[in-house]
Amino acid sequence: MKCHKCKTDIKEGEQRDHHEGILCEDCYIDVLYPAKFCDPWADFAAKSFIEHNLDIDINENQSKILRVLKETGGVEPIGLMERLKGQVSPEDGERECAALNRMGKIRIENRDGSVMIRLA
Ligand SMILES: [Zn+2]
């Protein structure tokens, strides 16, 4: 089969399912990261959320993400999604990570093009 994005041949078992289609691992990482983590709209949404909810509580998906980060001490986005497979969709995971980042619960570090998510 071929990657939906870069059209490379993907070996059996190495394909990643994404709502845009079957992707190779490289494209899958590209899709998961990074644009939305820096999304100004997400930033705005989280800030206004915090302003209106001073007593904020994290939701169930966010607590699952925090638990993985606590257990691993830090993980790449793709590793996080693998650990949450079947529990949290990649889209939700991405959104919750952006929200947690804005809340100051986690740090998303970009080092030489590789991304690590850690507890703040
Ligand atoms: Zn690809």
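Residues numbered from 1 in each chain as written. Predicted model: local features only at pLDDT ≥ 70, side-chain atom pairs only at ≥ 80, totals over all residues.

**Concerning the overall build of the protein**
- Counting secondary structure elements, the protein contains five helices and four strands.
- In the protein, the succession of helices and strands from N to C terminus is β-β-α-α-α-α-α-β-β.
- Split into buried and exposed, the 120 residues of the protein put 22% on the buried side.
- Restricting to contacts in the protein with at least 6 residues of sequence separation, those with at least 24 account for 47%. (Helix = DSSP H or I, 4+ residues; strand = E, 2+ residues; numbered from the N terminus. Buried ≥ 20, exposed ≤ 12 C-beta atoms within 10 Å, placed from the backbone. Contact = placed C-beta atoms within 7 Å.)

**A word on the confidence of the model for the protein**
- Of the residues in the protein, 80% reach a pLDDT of 70 or more, and the chain-wide mean stands at 82.
- Element-level pLDDT for the protein is lowest in helix H2 (residues 40–52), with a mean of 54, against a maximum mean of 93 in helix H3 (residues 60–72). (pLDDT = per-residue confidence, 0-100.)

**Examining helix H5 (residues 90–103)**
- Counted at 1.5 Å a residue, the expected span for H5 with its 14 residues is 20 Å, and the 20 Å between its end C-alpha atoms agrees.
- Within H5 the residues assigned to the buried category are Pro90, Gly93, Glu94, Glu96, Cys97, Ala98, Ala99 and Leu100. (Expected span 1.5 Å × (residues − 1).)

**Quick look at the nonpolar core**
- Judged by nonpolar contacts, the single largest core of 17 residues is most densely connected at Ile65 and Cys97.
- Among the secondary structure elements, those contributing two or more residues to this core are helix H1 (25–32), H3, helix H4 (77–83) and H5.
- Residue contributions to this core peak at four residues, all from H5.
- Both of domain 1 (1–32) and domain 2 (33–119) provide at least three residues apiece to this core. (Core = buried A, V, L, I, M, F, W, Y, C linked by C-beta atoms within 7 Å. Domains from an automatic or database assignment.)

**Some thoughts on the environment of Asp30**
- Assignment of secondary structure puts Asp30 in helix H1.
- Exposure remark for Asp30: the 14 C-beta atoms within 10 Å place this residue in the partly exposed category.
- Separated by 48 residues in sequence, Asp30 and Ile78 have C-alpha atoms that sit 9.9 Å apart.

**Section: H1**
- Residues of H1 that are buried: Cys27, Tyr28 and Leu32. All buried residues of H1 project into a common sector of 135° when viewed along the axis, lining one side. (Arc of directions from axis to C-beta.)

**A few points about unusual backbone geometry**
- Unusually for a residue other than glycine, Lys7 sits at a positive phi of about 65°.
- What makes Lys7 exposed here is the crowd of 10 C-beta atoms within 10 Å.

**Topic: the packing of H3 against H5**
- With their axes 10 Å apart at the nearest point, H3 and H5 run at an angle of 80° to one another. The angle between H3 and H5 falls in the class roughly perpendicular. Taken together, the residues of H5 that come into contact with H3 (itself represented by Asn61, Gln62 and Ile65) are Asp92, Gly93, Glu96, Cys97, Ala99 and Leu100.
- Across the contact of H3 with H5, the residue classes tally to four nonpolar, three polar and two charged. (Axes fitted to C-alpha atoms, helices over the stretch in contact; angles between N-to-C directions. Parallel < 35°, antiparallel > 145°, perpendicular 65-115°, else oblique. Nonpolar A, V, L, I, M, F, W, Y, C, P; charged D, E, K, R; others polar.)

**As for the pairing of strand E4 (residues 114–119)**
- As defined by bridge partners, strand E3 (residues 106–111) adjoins E4 across six bridges and the pair is classed as antiparallel. Opposite Glu109, over in E4, you have Met116 as the bridge partner.
- Counted between consecutive antiparallel strands, the loop separating E3 from E4 contains two residues, among which Asp112 sits at a positive phi close to 50°. (Pairing = 2+ DSSP bridges.)

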